[in-house]
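If you want the building blocks of each chain, they are given just below.
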Amino acid sequence: MIVTKVRTTTLVFLLCICSSLVLSQGKQDKNDELKALANKVDEHYNGLKSLRSQFHESYSGMGMSRRESGMLYLKKPGRMRWEYQTPREKLFVSDGKTAWFYVPGEQQARRAPVSKIDDIRSPLRFLLGKTKLLKEFRELSFSSSLKPLNPGNFVLRGVPKGMEDRISMVTLEVSPGGRIDRITMEEVDGATTDFIFSQEQENVPVADNLFKFQPPRGVEIVEAKELGN
């Protein structure tokens, strides 16, 4: 009887060890897979000089919601242009130093130094040439609960470093080749902004003057800390 109990105890102990080893190996495999995918994202975007893409933006928060779409242009170093086309025209543009926000027909154009603005679109200007996914997010991991829009893609979640006071979580949908198809930003106040990118064109000619803005005659320039929507 004692021998049987000893054998049973030994068997349970061995099973626990084996289970622990399997879980540990599984976790290591996931970490390796995460690093490999993050490196693909880095290599993909760091090798680009320019990018043109359609975007669909959805916002929900503060008791309201909106859906917008348009064209995004990115160009090294740190330049970006968001041309909102529907439901109304708007422009968010930056030459890497100064950012502008303007709605055609309005009598004011807002301007702010890029280094001082608090805008969730602004960090995307670094997507080309300076991407280091594992260094830019804390607790980056695969999401097991969220399904990708495009079958075969991966969904990652993490907290962006340096934006913890504004953004609580970022979700990235990434293709096997390292292309980012979707970015969802969850703000600390509960608001959510979702960007879906499509029809991307890489390393296409993008004129430098697209990232410069000259207010129309008669439009007042307002210095601002937030450019908003």
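Look up a bit, the structure's there.
The structure reproduced in this document is the subject of the present report. These numbers come from a predicted model, not from an experiment.

Reading the values: the criteria
- Residues numbered from 1 in each chain as written.
- Predicted model: local features only at pLDDT ≥ 70, side-chain atom pairs only at ≥ 80, totals over all residues.
- Heavy atoms only, no water.
- Helix = DSSP H or I, 4+ residues; strand = E, 2+ residues; numbered from the N terminus.
- Buried < 20%, exposed > 50% of the residue type's maximum accessible area, 1.4 Å probe, protein only.
- Contact = heavy atoms within 4.5 Å.
- Areas by Shrake-Rupley, 256 points an atom, 1.4 Å probe, with all protein chains shown as cover.
- Phe/Tyr/Trp six-rings, centres within 6.5 Å; stacked < 30°, edge-to-face > 60°.
- 1 Å grid on protein atoms, 1.4 Å probe; cavity = no way out; pocket = protein on both sides within 12 Å on 5 of 7 lines; lining within 4 Å.
- Points joined across faces, edges and corners; volume = space filled by probe spheres on them.
- Nonpolar A, V, L, I, M, F, W, Y, C, P; charged D, E, K, R; others polar.
- Salt bridge = Lys/Arg side-chain N within 4 Å of Asp/Glu carboxyl O.
- Pairing = 2+ DSSP bridges.
- Axes fitted to C-alpha atoms, helices over the stretch in contact; angles between N-to-C directions.
- Core = buried A, V, L, I, M, F, W, Y, C linked by side-chain atoms within 4.5 Å.

When its secondary structure is counted, the chain shows two helices and twelve strands. Helices and strands appear in the chain in the N-to-C order α-β-β-β-β-β-β-α-β-β-β-β-β-β. Counting over 229 residues, the chain shows a buried share of 40%. Taking contacts inside the chain between residues at least 6 apart in sequence as the whole, the part at least 24 apart equals 52%. About 13,400 Å² of surface is accessible on the chain, with carbon and sulfur atoms providing 54% of the total.

The next point concerns the packing of aromatic side chains. All told, the structure shown has seven aromatic pairs when counted by the stated rule. Here Phe142 and Phe154 contribute two aromatic rings whose centre-to-centre distance is 5.9 Å and whose plane-to-plane angle is 55°, an arrangement assigned as tilted. Of the two residues, Phe142 is situated in strand β7 (residues 137-142) and Phe154 in strand β8 (residues 154-160); the sequence distance between them amounts to twelve residues. Residue Phe154 is classed as partly exposed on the basis of its relative accessible area of 27%. Relative to Phe197, the ring of Phe195 has its centre 6.4 Å away and its plane inclined at 10°; by these criteria the two rings are stacked. Phe195 sits in the buried class, given a relative accessible area of 0%. We classify Phe197 as buried; its relative accessible area is 11%.

Let us now look at empty space enclosed by the protein. As enumerated under the stated definition, the model contains one cavity of 30 Å³ or more in all. The computed volume of the largest cavity comes to approximately 60 Å³. In the lining of the largest cavity, the residues fall into nine nonpolar, no polar and one charged.

Time to look at the pattern of salt bridges. Summed over all chains, the structure comprises eleven salt bridges. A salt bridge links Glu68 to Arg66, with the nearest nitrogen and oxygen atoms 3.1 Å apart. Classification of Glu68 as buried rests on a relative accessible area of 8%. Its relative accessible area of 25% is what places Arg66 among the partly exposed residues.

Once that is clear, we can look at the sheet that holds strand β3 (residues 79-86). Hydrogen bonds between backbone atoms are what pair the strands of a sheet, whose relative direction is either parallel or antiparallel. Strand order in the open sheet formed by twelve strands is β7-β8-β9-β10-β11-β1-β2-β3-β4-β5-β6-β12, with mixed pairing between adjacent strands. For this open sheet the edge positions go to β7 and β12 (220-223), each flanked by a neighbour on one side alone. Within this sheet the neighbouring strands show an average axis-to-axis angle of 20°, counted without direction. Looking at chain direction, strand β1 (residues 50-61) and strand β11 (residues 192-202) are connected through nine bridges and run antiparallel. Directly across from Phe55, in β11, lies its bridge partner Phe197.

A few words on the nonpolar core. Ranked by size, the top nonpolar core spans 36 residues in total, and within it Tyr45, Trp82, Leu133, Leu156 and Leu172 carry the most contacts. Ignoring sequence-local partners within four residues, the contact set of Leu172 consists of Leu133, Phe137, Phe154, Val155, Leu156, Arg182 and Ile183.

Glancing now at the pairing of β11. Relative to β11, strand β10 (residues 180-187) runs antiparallel, the two being bridged by five bridges. Paired with Thr184 across the bridge in β11 is Asp194.

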